[in-house]
Amino acid sequence: MLKTSYDFDQAILPAGSSLKTNILLRFRADVAESPRRNLNLSLVIDRSGSMAGAPLHHALRAAESVVDRLEPEDILSVVVYDDEVDTVVTPQPVKDKAGLKNSIKKVRAGGITNLSGGWLKGCEHVKKQLDPQKINRVLLLTDGHANMGIQDPKVLTTTSGQKAEEGITTTTLGFDRGFNEDLLIGMARAANGNFYFIQSIDEATEVFSIELDSLRAVVGQNLKVTVELADGVKLIDTLSLAKVSQNKAGQTAIALGELYEGEDKLLGLSLEISAAQIGELPVMKIHYSADVVQNDVIQNVSGTADVVAKVGTIEEAALASSSHIILELSRLTIAKAKETALDLAEHGKHEEAEQILRSLVKDLRDKGLNENFEIAEEIDQLEYFAGRIAQKALGNAGRKELRDQSYQTMTRNRSDLAARGVTAGDEIYAMPVVNEVGSGVELHCVREGGKLRIKVISDGYDSTKNVQFPRAIRAEGARYVVEGLEPSTDGSFYRVRGNITRLTRPGEADIFVAPRQSRSTSTGKASKGPASAADLPTTDIVKDGVLVQCVKDGSKLRARVVSDGYEPNWNMRFPRSVREEGMLYVVDEIKIGPDGKSYIACGEIKRFLQPTITN
């Protein structure tokens, strides 16, 4: 069965005048010791040129970790794609784990990104084994933009929704900083799947693990809620990223997707209520339905719940406390503000976007919510993003962090997915530097579960407690000296007191020296090759170079750019002596030719060696 509950941010609403209020609805599948549901899973992995080197290495290691965690009754397929789509593991029970992992190890980086082709092939494999009693899921991982096959985000998003109606859900995983987050989030939302931002290449296994844990915990699917408002009640906003529509009766219908064991599905609603008399006030009826595991079988359950508010005097309303509900609703309000601010900034309304975030910070502080560590961390995030938006310097990584934070809070109820972000701002390079602690307190920035946390090193403090610290100057591995620390009101975390400086001890390399504007000097001269490809220097990293591949075009060998951001079909001026079919190269620079529709390889050319995966 489904359990529902609700709370208003004010336990008692004041009588006598119209007001705005927020309500938090909770839905939970009441399933006692639900057996683990088997999986019908397809891993779809981008092996395009931009994944070459460490990114693909870690992605494949993550795929191997998935194999290790599956059971013999689970069905697995693995698809890899660049401009070609290959099935390296056909749909099969996970019995020969060593054989499956050996197939994954053989994958190598290739050309450009046919995201649609790879994803649709994964959907095809899942459909062949489709079983309503299983979790039927495609996990799509990519680090770049689709530049071959179907590229229109609207088409891909719509198709993702259609596949979900067929019983095939898609989870998307954006790797590093080159992917299109709007597309991946759009596909995940349309399919009622999940989205993850894999911020650093070495956390791919951790993120895959979170998704597998989520799949194992699915006890209900297709949760749908219809809101029937009472007279005098108006719905102002939905604090959720769920799909919202209107039914034939004009009522708001919300698709909330999956239910997880032990995890509430939250829905926040902002309401406007006309003047009410003291007593109980009917606010709305909630009609809900979901496909829930009952007696080892998935059954559709539905029900209706009445939402009633208590109305009292102004004095009674002022004394009524709902602090824990205010915290829950504040998290949703913060997430909604981030989404709104980002949308405004992208439409050139930077001042308005900044003001929304800073006003929310003031409101949270006025309510005393900064005494809660999670909200205190969110305040630091809001101030950081407000500053970046004001400077028109949010950047690619900042945009992805902002969207990821908003998405996770409004779709999941997991602390390990909230407020994630590891990008270091430029402010770290401008900080004053000292080379001794003196009478101050030494702190250290570490990465924990996709978040940058500040820990105290100096004696006399509890090193297990977190430290509230400005987000703008956090950088993994950085050490700081502050004048002092003071405990929060409840003593659960520390706050910084006084000035903050960055610490670099004498004789130690400073890893946060301001980066140069240019890491290499461009000659602008066309590349010249040796007698053969065998004579080229080799490398297994791309760094600031451009990845090029040699392909067969009829009877000719052509060089083409496979790094993201270039036209994949343009011809290229490239030394013929080093062209070998299928070979990958790293070139210092690519320039546009005089005709405006071709490229010229410039600077040094190196042969790219793909790293071998070893356990």
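Given the structure is predicted, the values throughout are model-derived calculations rather than measurements.

What counts, and at which threshold
- Residues numbered from 1 in each chain as written.
- Predicted model: local features only at pLDDT ≥ 70, side-chain atom pairs only at ≥ 80, totals over all residues.
- Heavy atoms only, no water.
- Helix = DSSP H or I, 4+ residues; strand = E, 2+ residues; numbered from the N terminus.
- Buried < 20%, exposed > 50% of the residue type's maximum accessible area, 1.4 Å probe, protein only.
- Contact = heavy atoms within 4.5 Å.
- Expected span 1.5 Å × (residues − 1).
- Polar contact = N/O pair within 3.5 Å; in protein donor to acceptor, adjacent residues only side chain to side chain.
- Pairing = 2+ DSSP bridges.
- Axes fitted to C-alpha atoms, helices over the stretch in contact; angles between N-to-C directions.
- Core = buried A, V, L, I, M, F, W, Y, C linked by side-chain atoms within 4.5 Å.
- Salt bridge = Lys/Arg side-chain N within 4 Å of Asp/Glu carboxyl O.
- Arc of directions from axis to C-beta.
- Parallel < 35°, antiparallel > 145°, perpendicular 65-115°, else oblique.
- Left-handed = near helix turned anticlockwise from the far one by under 90°.

## Brief notes about unusual backbone geometry
Argument step 1. Despite not being glycine, Asn222 has its phi angle at roughly 60 degrees, a positive value.
Argument step 2. With respect to the helices and strands, the residue Asn222 is situated in strand β10 (residues 218–229).
Argument step 3. Of the residues examined, Asn222 reaches a relative accessible area of 41% and is grouped as partly exposed.
Argument step 4. Positive phi is not limited to glycine here, since Ala419 has a value of about 55 degrees.
Argument step 5. Here Ala419 lies in the loop between α11 (395–411) and β17 (433–434).

## Some words on the environment of Gly268
Argument step 1. Note that Gly268 resides in strand β14 (residues 265–273).
Argument step 2. A residue is classified by how much of its surface remains accessible, and Gly268, at 0% relative accessible area, is buried.
Argument step 3. Separated by 179 residues in the primary sequence, Gly268 and Val89 place their C-alpha atoms 42 Å from one another.
Argument step 4. If we skip the residues at most four places from it in the chain, Gly268 touches Ile23, Asp237, Thr238, Leu239, Leu329 and Leu332.

## Considerations on helix α10 (residues 373–390)
An α-helical turn contains 3.6 residues, so any two residues separated by three or four positions project in the same direction.
Argument step 1. With 18 residues, α10 extends 26 Å between its outermost C-alpha atoms, agreeing within 8% with the 26 Å of an ideal straight helix rising 1.5 Å per residue.
Argument step 2. Counting buried positions over the 18 residues of α10 gives 15, a clear majority of the element.
Argument step 3. Sitting at the head of α10, Asn372 places a side-chain oxygen 3.0 Å from the backbone nitrogen of Glu374.
Argument step 4. Following α10 by one or two positions, Lys392 has its phi on the positive side, about 55 degrees.

## Details of the pairing of strand β19 (residues 451–456)
Argument step 1. Counting buried positions along β19 yields six of six residues, so the element is predominantly enclosed.
Argument step 2. The two faces of β19 match: Lys451, Arg453 and Lys455 on one face and Leu452, Ile454 and Val456 on the other face are all buried.
Argument step 3. Two elements, strand β18 (residues 441–448) and β19, share six bridges in a ladder whose sense is antiparallel. Residue pairing in the sheet places Glu448 in a bridge with Lys451 of β19.
Argument step 4. Between β18 and β19, which follow one another and run antiparallel, lie two residues, and Gly449 among them has a positive phi close to 55 degrees.

## So, the sheet that holds strand β15 (residues 279–294)
Argument step 1. If you walk across this open sheet you meet the six strands as β2-β16-β15-β10-β13-β12, and the pairing is mixed. The strands lining the two open edges of the sheet, one partner per strand, are β2 (13–14) and β12 (243–246).
Argument step 2. As paired elements, β12 and strand β13 (residues 252–260) share four bridges and run antiparallel to each other. Along β13, the bridge assignment pairs Ser245 with Ala253.

## Details of the sheet that holds strand β11 (residues 233–239)
Argument step 1. Strand order in this open sheet of four strands is β1-β3-β14-β11, and the pairing throughout is antiparallel. With partners counted over all chains shown, the strands left at the sheet margins are β1 (2–8) and β11, one partner each. Taken pair by pair, the neighbouring strands of this sheet meet at an average axis angle of 25 degrees, ignoring direction.
Argument step 2. Across the face of the sheet, helix α8 (residues 323–346) comes into contact with β1, β3 (19–29), β11 and β14 while running at roughly 100 degrees to β3.

## Observations regarding the nonpolar core
Argument step 1. With 46 residues, the main nonpolar core has Leu41, Leu43, Leu76 and Leu141 as its most contacted residues.
Argument step 2. Per-element tally for this core: the top contributor is helix α1 (residues 54–69), with seven residues.
Argument step 3. One finds Leu19, Ala29, Val219 and Val311 within the second-largest nonpolar core, a separate group that totals 35 residues.

## Describing the pattern of salt bridges
Side chains that differ in sign of charge can pair as their charged atoms come close.
Argument step 1. Tallied over the entire structure, the rule returns 48 salt bridges.
Argument step 2. A salt bridge links Glu211 to Arg137, with the nearest nitrogen and oxygen atoms 3.2 Å apart. In this pair, Glu211 sits in helix α6 (residues 204–216) while Arg137 sits in strand β7 (residues 135–142), placing the two residues 74 residues apart along the sequence.
Argument step 3. Arg495 serves as the salt-bridge partner of Glu371, at 3.3 Å between the closest nitrogen and oxygen. Residue Glu371 is located in the loop between α9 (350–366) and α10, and its partner Arg495 is located in strand β22 (residues 494–503); the two are separated by 124 residues in the primary sequence.
Argument step 4. Its relative accessible area of 27% is what places Glu371 among the partly exposed residues.
Argument step 5. Accessibility expressed as a relative area gives 15% for Arg495, which makes it buried.
Argument step 6. When salt bridges with common partners are traced through the structure, they connect Glu181, Asp182, Glu339, Glu346, Arg399, Lys400 and Arg403 into a single cluster.

## Regarding helix α2 (residues 97–105)
Argument step 1. Taken as a whole, α2 has its buried residues at Leu100, Lys101, Ile104 and Lys105. What you see down the axis of α2 is that its buried residues fit within an arc of 140 degrees, all on one side.
Argument step 2. Where α2 is buried, its residues meet α1, β5 (75–81) and β6 (85–93).

## Focus on the pairing of strand β28 (residues 599–608)
Looking down a regular strand, the side chains alternate between one sheet face and the other.
Argument step 1. Two strands pair when backbone bridges link them, and strand β23 (residues 538–539) and β28 are joined in this way by two bridges, in the parallel orientation. Among the inter-strand pairings, Thr538 is bridged to a residue of β28, identified as Arg607.
Argument step 2. When strand β26 (residues 572–573) meets β28, the two strands line up parallel, connected through two bridges. Considered in β28, the bridge of Arg573 is made with Ile600.
Argument step 3. Across seven bridges, strand β27 (residues 584–592) lies against β28 in antiparallel orientation. Residue pairing for β28: Lys591 is matched across the bridge by Ile600.
Argument step 4. The hairpin formed by β27 and β28 contains six residues between the paired strands, and Gly596 there has a positive phi angle of roughly 75 degrees.

## Here we look at the packing of α9 against α10
Argument step 1. Two numbers describe how α9 lies on α10: the axes approach to 9 Å, and their chain directions differ by 160 degrees. The angle between α9 and α10 falls in the class roughly antiparallel. Here α9 and α10 pass one another in a crossing that is left-handed. Two secondary-structure elements touch here, α9 through His350, Ala353, Glu354, Leu357, Arg358, Leu360, Val361, Leu364 and Arg365 and α10 through Ile375, Ile379, Leu382, Glu383, Phe385, Ala386, Gly387, Ile389 and Ala390.

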